[in-house]
Amino acid sequence: MALRFIGIDGTSEHGGCPSVWVDDKDGSFVIQGIVVTDPSEVEQVVARSPLAPGEMIVRLPAHMRGYLLEACGERGPDVG
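Each value, and the rule that gives it
Residues numbered from 1 in each chain as written. Predicted model: local features only at pLDDT ≥ 70, side-chain atom pairs only at ≥ 80, totals over all residues. Heavy atoms only, no water. Helix = DSSP H or I, 4+ residues; strand = E, 2+ residues; numbered from the N terminus. Contact = heavy atoms within 4.5 Å. Areas by Shrake-Rupley, 256 points an atom, 1.4 Å probe, with all protein chains shown as cover. Pairing = 2+ DSSP bridges. Axes fitted to C-alpha atoms, helices over the stretch in contact; angles between N-to-C directions. Salt bridge = Lys/Arg side-chain N within 4 Å of Asp/Glu carboxyl O. Buried < 20%, exposed > 50% of the residue type's maximum accessible area, 1.4 Å probe, protein only.

Participant: Tell me what's going on with the overall build of the protein, and back it up with residues and numbers.
Facilitator: Within the protein one finds 2 helices and 5 strands. Counting from the amino terminus, the protein carries its helices and strands in the arrangement β-β-β-β-α-β-α. Projected onto its principal axes, the C-alpha positions of the protein cover 35 × 30 × 20 Å. Within the protein, contacts between residues at least 6 apart in sequence are counted, and of these 32% link residues at least 24 apart. Accessible surface for the protein amounts to roughly 5,600 Å². Of this, 54% is attributable to carbon and sulfur atoms.

Written out as structure tokens, the structure is:
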């Protein structure tokens with residue numbers, strides 16, 4: 001598996017998260033994000049899509065949407 005780095009949140013106080021990657025082998029996305037722990041948010045997600053073992057819910061800031069579009073091959077990032 002070769003992961004291709006797409007982008008990282010330049011506003012992160014720790015400099016390492018969130019980030020977006022694409023697996024060049026199968027085109028799947030790898031998202032490093034902030035784990036959602038708010039009970040209300042978790043409840044809303046699992047009511048529609050139950051979590052399987054090994055899954056977690058992560059948050060990616062809205063200003064990183066350009067990285068997701070780039071990962072989809074739509075356009076370059078418009079982040080910031």
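Participant: Can you explain the sheet that holds strand β3 (residues 29-32)? Please cite residues and give values.
Facilitator: Spatial ordering of the open sheet is given by β1-β2-β3, a layout of 3 strands whose pairing is antiparallel. The outermost strands of the open sheet, each flanked by one partner alone, are β1 (3-8) and β3. Neighbour-to-neighbour, the strand axes of the sheet open up by a mean angle of 20°, direction not taken into account. Sheet topology note: the strand β2 (residues 19-23)/β3 ladder contains 4 bridges and is antiparallel. Each residue of the ladder has a partner; that of Val22, found in β3, is Phe29.

Participant: Would you mind going over the pattern of salt bridges in detail, with residue names and values included?
Facilitator: Summed over the entire model, instances satisfying the criterion amount to 2 salt bridges. With a closest N to O distance of 2.9 Å, Arg4 and Asp24 form a salt bridge. Within this pair, whereas Arg4 is found in strand β1, its partner Asp24 is found in the loop between β2 and β3, the two being separated by 20 residues in sequence. Residue Arg4 is classed as partly exposed on the basis of its relative accessible area, which comes to 37%. A salt bridge links Arg59 to Glu41; the shortest N-O distance between them is 2.4 Å. One end of the pair, Arg59, is in strand β5 (residues 58-59); the other, Glu41, is in helix α1 (residues 39-48), with 18 residues separating them in the sequence. By relative accessible area, Arg59 is classed as partly exposed at 42%. Judged by its relative accessible area of 30%, Glu41 is partly exposed.

These figures come from the coordinates and say nothing about function on their own.
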